[in-house]
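If you want the building blocks of each chain, they are given just below.
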Amino acid sequence: MSPLAAREATEADAELLLAWRNDLRTREASRSSGVIELADHLRWLRGVLASPDRLLLVVSDDDGPVGTVRFDRERPGEWEVSITLAPASRGRGLSLAVLTLGERVLIEREAVSAILAAVHQDNAASAALFERAGYVESAPAENGFRWLRKTRG
């Protein structure tokens with residue numbers, strides 16, 4: 001596996017990120033499972049990029065982008081994470097490395113006491129990923145999603 005690198009997303013990533021977001025498997029694991037139109041995605045992306053309470057990273061290997069990690073500040077020191085692997089990158093054992101790299105970038109930039117993850121209760125692979133990364137159940141399942149938490153310090 002070639003080394004991974006993370007960079008902040010830009011508006012130039014819009015179509016790539018939208019294609020990953022609209023992938024059927026990605027939608028099935030999301031809180032919002034409908035297909036997103038480009039105009040709506042651009043509006044959302046511009047808001048994310050402009051917000052000091054959000055960090056959107058594109059993670060790449062030597063062959064190009066393999067995934068994205070987004071962090072949304074929920075309250076001071078607490079961030080919710082969302083990870084998406086490119087459909088072509090699934091099954092390559094990259095998810096833990098992508099998540100770990102994203103966490104490292106966030107921690108270098110922000111004061112972080114905890115990271116939260118909402119995992120669809122039918123998504124065993126995602127739950128296993130977060131559990132391998134040190135997240136533990138933090139609240140009862142709600143609206144079909146489990147809440148996992150990783151506390152720092």
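The structure this text deals with has already been given above.
Residues numbered from 1 in each chain as written. Predicted model: local features only at pLDDT ≥ 70, side-chain atom pairs only at ≥ 80, totals over all residues. Heavy atoms only, no water.

Undergrad: I'd like to hear about the overall build of the protein chain, residue by residue, with values.
TA: Scanning the protein chain for helices and strands turns up five helices and seven strands. Mapped in sequence order, the helices and strands of the protein chain form the string β-α-α-α-β-β-β-α-β-α-β-β. Against the 2.2 N^0.38 benchmark of 15 Å for 153 residues, the protein chain shows a C-alpha radius of gyration of 15 Å, consistent with a compact globule. Across the 153 residues in the protein chain, those meeting the buried criterion constitute 42%. Within the protein chain, contacts between residues separated by at least 24 positions form 60% of all contacts whose residues are at least 6 apart in sequence. (Helix = DSSP H or I, 4+ residues; strand = E, 2+ residues; numbered from the N terminus. Rg over C-alpha atoms; globule rule 2.2 N^0.38 Å. Buried < 20%, exposed > 50% of the residue type's maximum accessible area, 1.4 Å probe, protein only. Contact = heavy atoms within 4.5 Å.)

Undergrad: I'd like a rundown of the pattern of salt bridges, residues and numbers included.
TA: If you walk through the whole model with that rule in mind, you get 14 salt bridges. Between glutamate 8 and arginine 109 there is a salt bridge, with the nearest N and O atoms lying 2.4 Å from each other. Of the two residues, glutamate 8 is situated in strand E1 (residues 5-8) and arginine 109 in helix H4 (residues 95-109); the sequence distance between them amounts to 101 residues. The exposure class of arginine 109 is partly exposed, given its relative accessible area of 43%. Residue arginine 54 pairs with aspartate 72 through a salt bridge whose shortest N-O separation is 2.6 Å. Linking arginine 54 in strand E2 (residues 54-61) with aspartate 72 in strand E3 (residues 64-75), this pair joins segments that are 18 residues apart in sequence. Under the relative-accessibility criterion, aspartate 72 is labelled buried at 10%. (Salt bridge = Lys/Arg side-chain N within 4 Å of Asp/Glu carboxyl O.)

Undergrad: I'd like a description of H4, backed by residues and values.
TA: Spanning 15 residues, H4 covers 21 Å between terminal C-alpha atoms, matching the ideal 21 Å at 1.5 Å per step. Turning to H4, its buried residues are Ser95, Val98, Leu99, Leu101, Gly102, Glu103, Val105 and Leu106. (Expected span 1.5 Å × (residues − 1).)

Undergrad: Tell me what's going on with the packing of aromatic side chains, and back it up with residues and numbers.
TA: Evaluated as defined, the whole model comprises one aromatic pair. With 5.0 Å between their ring centres and 75° between their planes, phenylalanine 130 and tyrosine 135 make a pair best called edge-to-face. For the pair phenylalanine 130 and tyrosine 135, one class covers both residues: buried. (Phe/Tyr/Trp six-rings, centres within 6.5 Å; stacked < 30°, edge-to-face > 60°.)

Undergrad: Can you lay out the environment of tryptophan 44 for me, pointing to particular residues and giving the numbers?
TA: Looking at where tryptophan 44 falls in the secondary structure, it is placed in helix H3 (residues 38-50). Along the sequence, tryptophan 44 and alanine 14 sit 30 residues apart, while their C-alpha atoms lie 9.8 Å from each other. Here tryptophan 44 is in contact with Arg54, Leu56 and Arg70, once residues within four sequence places are set aside.

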